[in-house]
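Each chain is listed here by its residues.
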Amino acid sequence: MSTGVDIDVVVAGGGAVGLAIAAALAASGREVMVIEAGERCGDETSGRNNQVVHAGFLYPPASLKARLCRDGHRRLMDFARQRGIPHRSAPKLMPAADPAGRAMLEQFLEQGRAVGVTGLEILDKCALAALEPQMRAEAALLSPGTGIIDAAALVAALEGEVQSAGGLLVLRSRITGGAPVDRGTTLSIADEEGAESALTCALFINSAGLGAAGIAAAMSGFPNTARPAIHLARGQFLSHRGAVPFSHLVVPVEPALSAGGSLTHDTGGQARFGPDLSFLPGRDYAPDAAVSDRAVDAIRSWWADLDPGRLDVDYVGIRPRVTGPGLPPGDWLIAGPERHGLPGQYHLFGIDTPGLTACLSLAEHIVALSGKSGNPEGKVLP
């Protein structure tokens, strides 16, 4: 190792994406340390979502999300089979109640075809009734390639991958600052008691999710123009007591989607509705006191016989987004040296859905960007 460098690679963030990156870098022969602020890995965005493995048709074909989701789906399902992670195929229906909704389905169908998603089909009212008799909609997009996975088991498996490749996991520690040096970056790190220490690494990967923008802001020399404004998208989930009469995942189009009208099942078969969407100034995982009329109306837009008395407030998740209220989620942003001018630093911003699905593809993408040779400038690969 070069003189003046304490460790080859530091990865900030122990969610699914950060762990996947750390595991891939460690497997490539690099000395890796993961620094996670929480008591456990995967407790924030990775552990507070609907656990859906996306097919890849929801994103514009030229976007990084679309480019990595399809490959990520394949990699993730293969990884789950090999490691014994609970997962299964879970075909999805996207119901639409009117012509505007039908137009959204047509757009998703075209996007899917453009990126190679197979099996997508728009069902008319009659075909939909034969598949899900209790669903009310004018049409629905069928995605047979969607799945679900046990996110906690995935995170645990990725932790194991990091450690088996010789990587280190440091919990309850925060990166509070950093400065470029001749051979990399010197990081300031605070433990849970506030004691500060310094660590110099050749390569720094900021995959801290909700905290990524704050870490970038604390980097000496990091230009404000290279750091997007991050909006915290809050989503509340509802549990349902008893069975539901639907075998498919159900994800309605807007506006029912952001009102909390989606239905998913976990790998154990538990039905769950949501998330809804609102924006927060800071992290707040406290759930609402009661189920909202807005969520009930959204579910009833396609399930008229819903009994609201069977719904209970469950948990809240927060996703980092590069766009705010009233705007589409936007694409992921990976800021390398060509954007911010600091050698050996890669910052991942706005890694929201489908981050869980694409975590292994994102990891390979970062390995390629940060390679010791062949792409030292960190240019975005085609």
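Structure's up top.
Counting from 1, residues in each chain are numbered in the order their sequence is written. With the structure being a predicted model, the display of local features is reserved for residues of pLDDT at least 70 and the display and counting of side-chain atom pairs for 80 or more, all residues being used for whole-chain, interface and lining totals. Hydrogens and water molecules were not included; the side-chain quantities draw on all heavy atoms of the structure.

Colleague: Before we go on, may I ask you to explain the layout of surface pockets in this structure?
Modeller: A probe matching the size of a water molecule, rolled over the atoms, marks out where space remains unfilled. Approximately 280 Å³ is the volume attributed to the second largest pocket. Numbering of helices and strands starts at the N terminus; helices are DSSP runs of H or I of at least 4 residues and strands are runs of E of at least 2. Here the element with the most residues in the lining of the second largest pocket is helix 2 (residues 64–83); it accounts for six residues. The residue classification treats Ala, Val, Leu, Ile, Met, Phe, Trp, Tyr, Cys and Pro as nonpolar and Asp, Glu, Lys and Arg as charged. All others, Gly included, are polar. The residue inventory of the lining of the second largest pocket, partitioned by class, reads nine nonpolar, two polar and six charged. Using a 1 Å grid laid over the protein atoms alone, points where a 1.4 Å probe fits but cannot get out form a cavity; open sets with protein on both sides within 12 Å along at least 5 of 7 lines form a pocket; any residue with an atom within 4 Å of a point counts as lining. Grid points are joined across faces, edges and corners, and a volume is the space filled by probe spheres set on the points.

Colleague: For this particular structure, what's the right way to read the environment of R319?
Modeller: Checked against the element boundaries, R319 lands in strand 18 (residues 311–321). Judged by relative accessible area, R319 falls into the buried class, the value being 16%. Here the alpha-carbon distance between R319 and H231, two residues 88 residues apart in the chain, equals 8.2 Å. Two residues qualify as a contact provided that any one of their heavy atoms is within 4.5 Å of a heavy atom in the partner residue. Other than its neighbours up to four places away in sequence, R319 contacts T45, L210, H231, L232, A233, R234, G235, P275, D276, L277, D352 and T353. Throughout, exposure labels follow a simple rule: accessible area from a 1.4 Å probe, protein chains only, divided by the maximum for the residue type, with under 20% read as buried, over 50% as exposed, and the rest as partly exposed.

Colleague: What exactly am I supposed to notice about the packing of aromatic side chains here?
Modeller: Two numbers describe a pair of aromatic rings. These are the distance of the centres and the angle of the planes. Aromatic rings from Phe, Tyr and Trp, taking only the six-membered ring of Trp, are treated as a pair when their centres fall within 6.5 Å; an angle between ring planes under 30 degrees marks them as stacked, one over 60 as edge-to-face, and anything in between as tilted. Taken as a whole and assessed by the stated rule, the structure comprises seven aromatic pairs. Ring geometry for F237 versus Y315: centroids 4.6 Å apart, planes at 20°, classification stacked. Here F237, found in strand 13 (residues 231–240), pairs with Y315, found in strand 18; they are 78 residues apart in sequence, far enough to count as distant. Here F237 matches Y315 in class, with each residue buried. Their ring planes at 20° and their centres at 6.3 Å tell us that F273 and W303 sit as a pair that is stacked. Taken together, the residues F273 in strand 16 (residues 271–273) and W303 in the loop between helix 7 (293–300) and strand 18 connect sequence positions 30 residues apart.

Colleague: Looking at this model, I keep getting lost on empty space enclosed by the protein. Mind explaining?
Modeller: The tally for this structure, following the rule as stated, stands at one cavity of 30 Å³ or more. Approximately 50 Å³ is the volume found for the largest cavity. Around the largest cavity sit Q236, L238, A259, G260, G274, D276, S292 and A295, which together line it.

Colleague: Hey, could you run me through helix 2 in this one?
Modeller: For an α-helix the count is 3.6 residues per turn, leaving residues at separations of three or four pointing the same way. For a helix, the expected span equals 1.5 Å multiplied by the residue count minus one. Helix length check: helix 2, at 20 residues, gives a terminal C-alpha distance of 27 Å against a target of 28 Å (1.5 Å per residue), a fit within 8%. The angle between axes fitted to the seven-residue stretch ending at a residue and the seven-residue stretch beginning at it gives the bend at that residue. A bend of about 30° at G72 is the largest found in helix 2. Those residues of helix 2 hidden inside the fold are in contact with strand 3 (52–53), strand 4 (87–89), strand 8 (147–149), helix 5 (151–164), strand 19 (333–335) and helix 9 (359–369). In the segment just after helix 2, G84 is the residue with positive phi, at about 70°.

Colleague: Help me understand the packing of helix 1 (residues 16–27) against helix 5 in this model?
Modeller: Helix packing for two helices is described by the angle between their axes and how far apart those axes are. Where helices are involved, their axes are fitted lines through C-alpha atoms of the stretch in contact, as for all axes, and angles between N-to-C directions lie from 0 to 180°. It is the contact of helix 1 with helix 5, at a shortest axis distance of 8 Å, that shows an interaxial angle of 25°. In this view, helix 1 runs roughly parallel relative to helix 5, as classed from their interaxial angle. Where helix 1 crosses over helix 5, the two elements pack in a sense that is left-handed. Along the contact surface, helix 1 presents A16, L19, A20, A22 and A23, while helix 5 presents L154, V155, L158, E159, E161 and V162. Of the residues in the contact of helix 1 with helix 5, the class split is nine nonpolar, no polar and two charged. Comment on the angle field: the value is read as roughly parallel under 35 degrees, roughly antiparallel over 145, roughly perpendicular from 65 to 115, and oblique elsewhere. What makes a crossing left-handed is the near helix being turned counterclockwise from the far one by less than a right angle; a clockwise turn instead makes it right-handed.

Colleague: Got a minute to help me understand the state of the cysteines in this structure?
Modeller: Simply put, the disulfide is a covalent bond whose two ends are the sulfur atoms of two cysteines. Cysteine sulfur atoms that pair up within 2.5 Å are treated as a disulfide. Taken as a whole and assessed by the stated rule, the structure comprises zero disulfides. The thiol of C69 is not disulfide-bonded; the next cysteine sulfur, from C359, is found 11 Å away. Overall, the relative accessible area of 0% leaves C69 in the buried class.

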